[in-house]
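Next come the chains, spelled out residue by residue.
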Amino acid sequence: MTYSEYSFPNDLHIFWSLMIVTYPYITGLIAGAFVASALSHVFGRKELAPVNRLALLVSLSFMVCATLPLLNHLGHPERALNIMITPNFRSAIAGFGYIYSFYLTVLLLEIWLTWRPEIVESYHKSSGMARLFWGSLALGVYEISGEARKLDERLIFGLAVIGLPAACTLHGYVGFLFGSLKSNPWWSTPLMPQVFLLSAVISGMGFLIIVYLGLCWNGYMKWSFPCVRSLTFFLWLFLVLYVVSEGLELLFFFYESSDAWYAISQLILTRIWVSFVVLQIGIGVLIPMILLTVLMLVHVKESTYYIVSFISSVVILFEVWLMRWNIVIGGQQFSKSYVGFRDYDPLWLEKEGILPAMALTLLPVLILFILTRLLSVHEPETHATHATHPAAEGED
Amino acid sequence: MDKRTRRELLKLAGAGAAWSIMVTLIPKTSHAQRVHQIEKRLDTPDWMDHYWAYVIDTTKCIGCGNCVRADKRENKVAEHFFRTWVERYQLTDREHVYVDSPNGGHDGFHKSTVEGKVVKAFFVPKMCNHCRNTPCTQVCPVHASYQSPEGVILVDKKRCIGCAYCVQACPYGSRFIDPVSHTADKCTWCYHRITKGLLPACVTVCPTGARRFGDLKGEDSQIKKIIEEERVAVLKPELNTEPFCFYIGLDKVVR
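This next bit is on the overall build of chain A. Assigned secondary structure in chain A consists of 15 helices and 1 strand. The C-alpha radius of gyration of chain A comes to 22 Å, within 12% of the 21 Å expected for a compact globule of 396 residues. Evaluated residue by residue, chain A yields a buried proportion of 57% over its 396 residues. A separation threshold of at least 6 residues defines the contact pool for chain A, and within that pool the share at least 24 residues apart is 81%.

Structure, rendered in structure tokens:
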């Protein structure tokens, strides 16, 4: 039995716009950057120490902007806090406020403890308004003796241990928002949180590589080949896991051939053919997969390594954005009748249009620029040479 | 007193008698009693004594669109959005199903122009299914979407934040974001009417009795009798949403 194309009358509208594409993209970058930071802190990957501080600042820059796309999307943003004041704990969205707040607190604490010596030093060196500013950041704690720093480092380790699952929960939960909706077969799969989480990790790591290499080329940071090599290795590893998960998801859809397969297959073959098959898979996945695999197998010059790693990261960022688009927008491009389709053409200047989405995606980059000028991204010598991992300390 | 004439005395006595009669005849009721009398007249329900259900007999629907128009008028539904709509299904001898719902069936349906011989055709009115195990209230982060004690799924527009998660969660396409209030909107079974003992607007205007509404807890309930005794079906039963909108004569091709 075949059907003519038919959409339910209310399904002619796309209710989740570019803002809902931007939101998981931003939270993904947060989670990914934090995982990179945790690799150094928690898992004792000493070679990643040069990007440790940068990763925390990347997380913070995107973290402070994570709610903006959601607020811009809401019909009544003035009621947004009701999510935390009168939450419905049966709702997946209700958890966002708490998970976000918890993770933000952990992140701020870790950042404060990490930069505390510099903050205190700046406080002592400055005067007037600057002294007031650094004093407020120091929170009245000016003790930076060796013993105090040891305690700080233990706390940082503890916070990184707590922060890692929190960061993973933050983004795994975003996948759950989509995966738990049984009304939409394109979203409704238990693999969705995993796919979101893995894509988050690669986007965060990719962004970190881009920023780090950019700052090195700019002369702002010191080159560290082991650091880039390690980041690139993890980028490749998580990319493989991500591609396998997404591939399995598609294979399940195809193999089960449920009632909704017609809608999904038509969606892929028509509405998102270019954005999904050509751009996301054809370019976004294949190019970095080939490039990074070559880097893993073939010995190349450092400069070549940097360039290939940089290009792969840029393409991966592009791929992850497309993945968000194809999930969020693609999932709304077929009607719940499963036999009707619709287009989505966002305007440049509308409230949830292209320009606001671009502005909200670039705003964290601007914040990161300011933060890197305010807080040093260079790992202090004492920290760079000694592992912050308590277990590693024991080994010393 | 001496100066009063007999006529004046009679007038005074008459007025006194009239006052006495008035005071005697007007019932001495308290405010609570008066409110109760008004509520009784309007048939305001005791919430726990009702459980509403809706039955759509697809074999009776003629696709006139009266229900869609009545609903639009009654609930001031925004243009291009629908709390209820009517779909037309036409099955041809080529095993092809043509489905359409021009403007939600608001203006009725034009003559069929499908290719091939139509072997079966029928209309299917659609609306919120007021599910018992409803995904829309489950996902609402602020309890703005909720189920009333009588089983009606409602939206508190003063609480709704307009996130549209409920719109995504509804498998039947029954919800939308009202472009005026920027909050979720949907069929309420005309809650403002049924709480006054009236029927939903769409039911009152259906010329063939294809739409029926009633109380499952009511004595001699026609709805209860239909659901218990006739072969009824629900939309997308595999999703386990437990709709309380039941269909008679629901064909397998209906989406």
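Every contact between the two is made by 41 residues of chain A and, on the other side, 53 residues of chain B. Across the interface of chain A and chain B, roughly 4000 Å² is buried in total on both sides, 54% from carbon and sulfur atoms. Applying the counting rule to chain A against chain B returns 1 salt bridge. Between D259 of chain A and R255 of chain B there is a salt bridge; the shortest N-O distance is 3.3 Å. Our enumeration of links across chain A and chain B arrives at 39 residue pairs in polar contact (both at pLDDT 80 or more). Split into classes, the residues belonging to the side of chain A that touches chain B amount to 19 nonpolar, 15 polar and 7 charged.

What follows concerns the confidence of the model for chain A. Per-residue confidence for chain A gives a mean pLDDT of 93; residues scoring 70 or more make up 96%. Ignoring residues within four places in sequence, the model shows residues 382-396 of chain A, a span with pLDDT below 50, making 18 contacts including any to other chains.

Residues and elements named next belong to chain A. Closest axis-to-axis distance for the helix α1 (residues 18-41)/helix α5 (residues 94-125) pair is 13 Å, and the angle between their directions is 40°. In terms of their interaxial angle, α1 and α5 are classed as oblique. For the crossing formed where α1 meets α5, the hand is left-handed. Between α1, through Y23, I30, F34, S37 and H41, and α5, the contact on the second element is made entirely by F96, Y103, L107 and E110. Looking at the contact of α1 with α5, its residues break down into 6 nonpolar, 2 polar and 1 charged.

About the cut-offs
- Residues numbered from 1 in each chain as written.
- Chains lettered and ligands numbered in written order.
- Predicted model: local features only at pLDDT ≥ 70, side-chain atom pairs only at ≥ 80, totals over all residues.
- Heavy atoms only, no water.
- Helix = DSSP H or I, 4+ residues; strand = E, 2+ residues; numbered from the N terminus.
- Rg over C-alpha atoms; globule rule 2.2 N^0.38 Å.
- Buried < 20%, exposed > 50% of the residue type's maximum accessible area, 1.4 Å probe, protein only.
- Contact = heavy atoms within 4.5 Å.
- Buried area = accessible area lost by both parts, 1.4 Å probe.
- Salt bridge = Lys/Arg side-chain N within 4 Å of Asp/Glu carboxyl O.
- Polar contact = N/O pair within 3.5 Å; in protein donor to acceptor, adjacent residues only side chain to side chain.
- Nonpolar A, V, L, I, M, F, W, Y, C, P; charged D, E, K, R; others polar.
- pLDDT = per-residue confidence, 0-100.
- Axes fitted to C-alpha atoms, helices over the stretch in contact; angles between N-to-C directions.
- Parallel < 35°, antiparallel > 145°, perpendicular 65-115°, else oblique.
- Left-handed = near helix turned anticlockwise from the far one by under 90°.

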